[in-house]
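# Breakdown of the fold
What follows is each chain in one-letter form.
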Amino acid sequence: AKLAEIVANNGCPGCDLNLAELRGLDLPGANFSKADLRNTNLKGASLAGANFARADLQRVEMERAQLVGADFSRAKMRSADLKKSDVSMARFLGADLRSVDLAEAVMTGADLSDADLRRALLRRADISGASFRDAKMDEADLERVNAEGADFSGARLLYADPPPAAASGATFRRAHFLWSRPPR
């Protein structure tokens with residue numbers, strides 16, 4: 001699919017966009033559900049409210065993208081780069097986010113329930129008010145995150161490093177911990 005077609009159709013559900021160059025795409029509310037976006041360059045894109053449900057976003061480049069309220073439910077996002085992106089209020093229900101880079105991302109109010117965040121990099125991210133209910137967060141890098149009011153109920157945080165320091169009002173009901181170093 002060509003860029004003009006993607007813009008005219010407000011997305012490209014189910015399309016093969018592997019290795020596409022879509023840097024800076026401005027298409028709020030676009031539909032990319034079930035699309036193959038592996039290795040696609042979407043750096044700096046403005047895709048607030050976009051639908052990426054069940055899409056393949058492995059190794060996608062979305063650094064500094066505006067993705068407020070986007071839907072990534074059940075998406076495959078292994079090793080995706082979302083560094084410094086805004087995914088506040090976005091939905092990642094059951095998404096595969098293993099080894100994803102969300103360093104310095106704004107994730108306020110995002111829903112990551114049942115997501116797989118093993119080995120995810122969340123260093124300096126703002127995860128305040130976000131839900132990680134029943135998420136797998138083994139070996140996640142949580143250094144200097146703001147987890148105020150976040151919900152980790154039922155989450156598995158085995159060897160997550162370090163425990164969230166700024167976690168005022170956070171919920172850890174039924175969460176499973178095994179820290180590689182003691183909480184500060």
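This write-up is about the structure you can find in this document. (Residues numbered from 1 in each chain as written. Predicted model: local features only at pLDDT ≥ 70, side-chain atom pairs only at ≥ 80, totals over all residues. Heavy atoms only, no water.)

This structure, assessed with the given rule, holds one disulfide. Note on cysteine connectivity: Cys12 is disulfide-linked to Cys15, with sulfurs 1.7 Å apart. Measuring the twist about the S-S bond at about -70 degrees, one finds the Cys12-Cys15 disulfide to be left-handed. (Disulfide = S-S within 2.5 Å.)

For the rest of this paragraph, the subject is the side chain of Asp101. In this structure, Asp101 sits in the loop between helix H1 (3-8) and strand S1 (156-158). Buried charge Asp101 goes without a salt bridge, the closest partner of opposite sign being Lys83 at 5.0 Å. In terms of polar contacts, Asp101 uses its side chain to reach the backbone amide nitrogen of Ala103, at 3.0 Å. Apart from the residues lying within four places of it in its own chain, the contact partners of Asp101 are Ala80, Asp81, Leu82, Lys83 and Leu121. (Helix = DSSP H or I, 4+ residues; strand = E, 2+ residues; numbered from the N terminus. Buried < 20%, exposed > 50% of the residue type's maximum accessible area, 1.4 Å probe, protein only. Lys, Arg positive; Asp, Glu negative; His and termini not counted. Salt bridge = Lys/Arg side-chain N within 4 Å of Asp/Glu carboxyl O. Polar contact = N/O pair within 3.5 Å; in protein donor to acceptor, adjacent residues only side chain to side chain. Contact = heavy atoms within 4.5 Å.)

As a further point, take the side chain of Asp138. Mapped onto the elements, Asp138 comes out in the loop between H1 and S1. Within the structure, Asp138 has its side chain in polar contact with the side chain of Arg156 (distance 2.9 Å). Once you skip the residues sitting within four places of it in the chain, Asp138 turns out to touch Leu117, Arg118, Arg119, Arg156, Leu157 and Leu158.

This paragraph deals with the pattern of salt bridges. Applying the stated criterion across every chain yields a total of 11 salt bridges. When the shortest N-O distance is used, the salt bridge between Asp36 and Arg38 registers 2.7 Å. Salt bridges sharing partners connect three or more residues here, namely Asp96, Arg98, Asp116 and Arg118.

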